[in-house]
Amino acid sequence: METILRVCPCVLLSELNDRGIVTSCEIDLTSAISMRAMALASEQPTAVLDWNNNYGDDENKVILFHCGSTAQSLMTEKGTVTEHKMFAKGDPGSGWGTNEGRIRPMKTTISNCLTVDGKVVMYASEAEFTDDPIEEAYFGCAGVCAIDNMQDKMIKLAKGGFKHHTCVGVGHMKEILKEAFTTYLGYEWVDID
C-alpha cells in the first residue's frame with residue numbers, strides 16, 4: 001500500500017475497528033485473536049498497541065501507542081490524519097493515513113497471546129488509561145496507562161516470549177477472558193498478576 005498506493009492503512013483500520021470488524025496491524029494474528037475476544041466480551045472496539053515508553057519516573061505507568069489504527073471511539077476526540085512519520089523518513093509521501101490523537105481515560109484490560117508448539121497461550125490483566133498529558137509532538141495515537149505492579153508484569157511477559165504488542169479493550173474483563181479461553185477453548189493461561 002505504501003509503495004504502490006502511497007497510503008498506509010492506519011485510519012482504515014481505525015474505521016473498521018469502530019465498525020466492529022477487528023483488524024490488527026503488522027499482520028499480527030495473535031493480537032487479532034485477543035482483540036476479537038475483548039470486542040465480544042465488551043461489545044466495544046478494541047486496539048492493538050505497542051509497549052512504548054515509561055511515563056516519567058512512575059514505575060506503574062506506561063505510554064501505550066500505535067501509529068494511528070486506534071478506533072476513533074477509544075480516543076478523546078476526532079484524530080488528525082497525517083503522514084506516517086516512520087515511512088516518511090525513508091520514502092517521503094508514501095504513508096498518508098495515520099490517525100493521530102490520544103486515547104481517552106477509561107478502565108481497560110490488556111491482553112495478548114502467542115503460540116507455543118501449536119498451542120495458544122494467553123494473558124490478561126486489568127489497568128486504566130489516565131488523563132495524564134503526553135507532549136504534543138508525540139507521534140501517532142497514544143495514552144498513558146496505569147498498571148499495578150507493571151515492572152513485574154513486564155518481566156513475566158518478556159521472559160514468557162510475548163512480543164511488543166498488547167491489546168486493549170474497554171472495561172475490566174480479565175476473568176471473562178480467562179474463563180472463555182481456558183474453560184471453553186482449552187487455551188493455556190499465563191497469570192501475570
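Quick look at the structure, then.

Quick notes on the rules
- Residues numbered from 1 in each chain as written.
- Predicted model: local features only at pLDDT ≥ 70, side-chain atom pairs only at ≥ 80, totals over all residues.
- Heavy atoms only, no water.
- Buried < 20%, exposed > 50% of the residue type's maximum accessible area, 1.4 Å probe, protein only.
- Helix = DSSP H or I, 4+ residues; strand = E, 2+ residues; numbered from the N terminus.
- Arc of directions from axis to C-beta.
- Contact = heavy atoms within 4.5 Å.
- Patch = residues over 30% accessible without salt bridge, like charges linked within 9 Å, V, L, I, M, F, W, Y side chains within 5 Å.
- Areas by Shrake-Rupley, 256 points an atom, 1.4 Å probe, with all protein chains shown as cover.
- Salt bridge = Lys/Arg side-chain N within 4 Å of Asp/Glu carboxyl O.
- Lys, Arg positive; Asp, Glu negative; His and termini not counted.
- Polar contact = N/O pair within 3.5 Å; in protein donor to acceptor, adjacent residues only side chain to side chain.
- Phe/Tyr/Trp six-rings, centres within 6.5 Å; stacked < 30°, edge-to-face > 60°.
- Pairing = 2+ DSSP bridges.
- 1 Å grid on protein atoms, 1.4 Å probe; cavity = no way out; pocket = protein on both sides within 12 Å on 5 of 7 lines; lining within 4 Å.
- Points joined across faces, edges and corners; volume = space filled by probe spheres on them.
- Nonpolar A, V, L, I, M, F, W, Y, C, P; charged D, E, K, R; others polar.

A few points about helix H1 (residues 10-18)
For step 1, the next point in the chain: What H1 keeps buried is the set Cys 10, Leu 13, Ser 14 and Asn 17. Considered in projection along H1, the buried side chains sweep an arc of 105° and stay on one side of the axis.
For step 2, the next point in the chain: Lining the buried residues of H1 we find helix H2 (29-42), strand E1 (46-55) and strand E4 (96-102).
For step 3, the next point in the chain: Gly 20 sits one or two positions beyond H1 and adopts a positive phi of about 90°.

What to know about a nonpolar patch on the surface
For step 1, the next point in the chain: A contiguous nonpolar surface patch, about 450 Å² in accessible area, is contributed by Met 1, Ile 4, Leu 5 and Leu 12.
For step 2, the next point in the chain: Counting through the fold element by element, Leu 12 comes out in helix H1.

Examining the side chain of Asp 50
For step 1, the next point in the chain: Turning to its location among the elements, Asp 50 is positioned in strand E1.
For step 2, the next point in the chain: Of the side chains with opposite charge, Lys 89 comes closest to the buried, unpaired Asp 50, at an N-O distance of 12 Å.
For step 3, the next point in the chain: Polar side-chain contacts of Asp 50 include one of 3.1 Å to the side chain of His 165.
For step 4, the next point in the chain: Once residues within four sequence positions are removed from consideration, Asp 50 is found in contact with Ile 63, Leu 64, Phe 65, His 66, His 164 and His 165.

Focus: the packing of aromatic side chains
Each aromatic ring pair is described using two quantities: the centre-to-centre distance and the angle formed by the ring planes.
For step 1, the next point in the chain: Per the counting criterion, the structure on display carries four aromatic pairs.
For step 2, the next point in the chain: When the ring of Phe 65 is compared with that of Tyr 138, the centres are 5.7 Å apart and the planes differ by 85°; the resulting orientation is edge-to-face. One end of the pair, Phe 65, is in strand E2 (residues 58-66); the other, Tyr 138, is in the loop between strand E6 (119-129) and strand E7 (141-146), with 73 residues separating them in the sequence. Each member of the pair, Phe 65 together with Tyr 138, is buried.
For step 3, the next point in the chain: By the ring-pair criterion, three or more aromatic residues cluster together here, those being Phe 65, Tyr 138 and Phe 139.

As for the pairing of strand E8 (residues 165-170)
For step 1, the next point in the chain: Taking burial as the measure, the six residues of E8 include six buried ones, the bulk of the element.
For step 2, the next point in the chain: Here E8 shows no split at all, with His 165, Cys 167 and Gly 169 on one side and Thr 166, Val 168 and Val 170 on the other all buried.
For step 3, the next point in the chain: One ladder, built from five bridges, connects E1 with E8; its direction is antiparallel. Counted as the bridge partner of Val 48 is Cys 167 from E8.

A short note on the environment of His 84
For step 1, the next point in the chain: Assignment of secondary structure puts His 84 in the loop between strand E3 (80-83) and helix H3 (85-90).
For step 2, the next point in the chain: Assessed through its relative accessible area of 4%, His 84 is described here as buried.
For step 3, the next point in the chain: Considered as a pair, His 84 and Ser 73 are eleven residues apart in the sequence and their alpha carbons are 21 Å apart.
For step 4, the next point in the chain: Beyond its immediate stretch of four places on either side in the chain, His 84 contacts Cys 8, Cys 10, Cys 67, Gly 95, Thr 98 and Phe 139.

Topic: the layout of surface pockets
For step 1, the next point in the chain: Approximately 370 Å³ is the volume found for the largest pocket.
For step 2, the next point in the chain: Lining the largest pocket are 21 residues; nearest its centre among them are Thr 76, Glu 77, Gly 101, Arg 102 and Glu 136.
For step 3, the next point in the chain: Broken down by secondary-structure element, the contributors of at least two residues to the lining of the largest pocket are E4 and E7.
For step 4, the next point in the chain: Counted by class, the lining of the largest pocket contains seven nonpolar, seven polar and seven charged residues.
For step 5, the next point in the chain: Taken as a whole, the second largest pocket spans an internal volume of roughly 270 Å³.
For step 6, the next point in the chain: As for the second largest pocket, its lining consists of 16 residues, and the residues nearest its centre are Pro 9, Cys 25, Glu 26, His 66 and Phe 87.
For step 7, the next point in the chain: Where the lining of the second largest pocket is concerned, the elements lending two or more residues are H1, E2 and H3.
For step 8, the next point in the chain: For the lining of the second largest pocket, the class distribution of residues is ten nonpolar, three polar and three charged.

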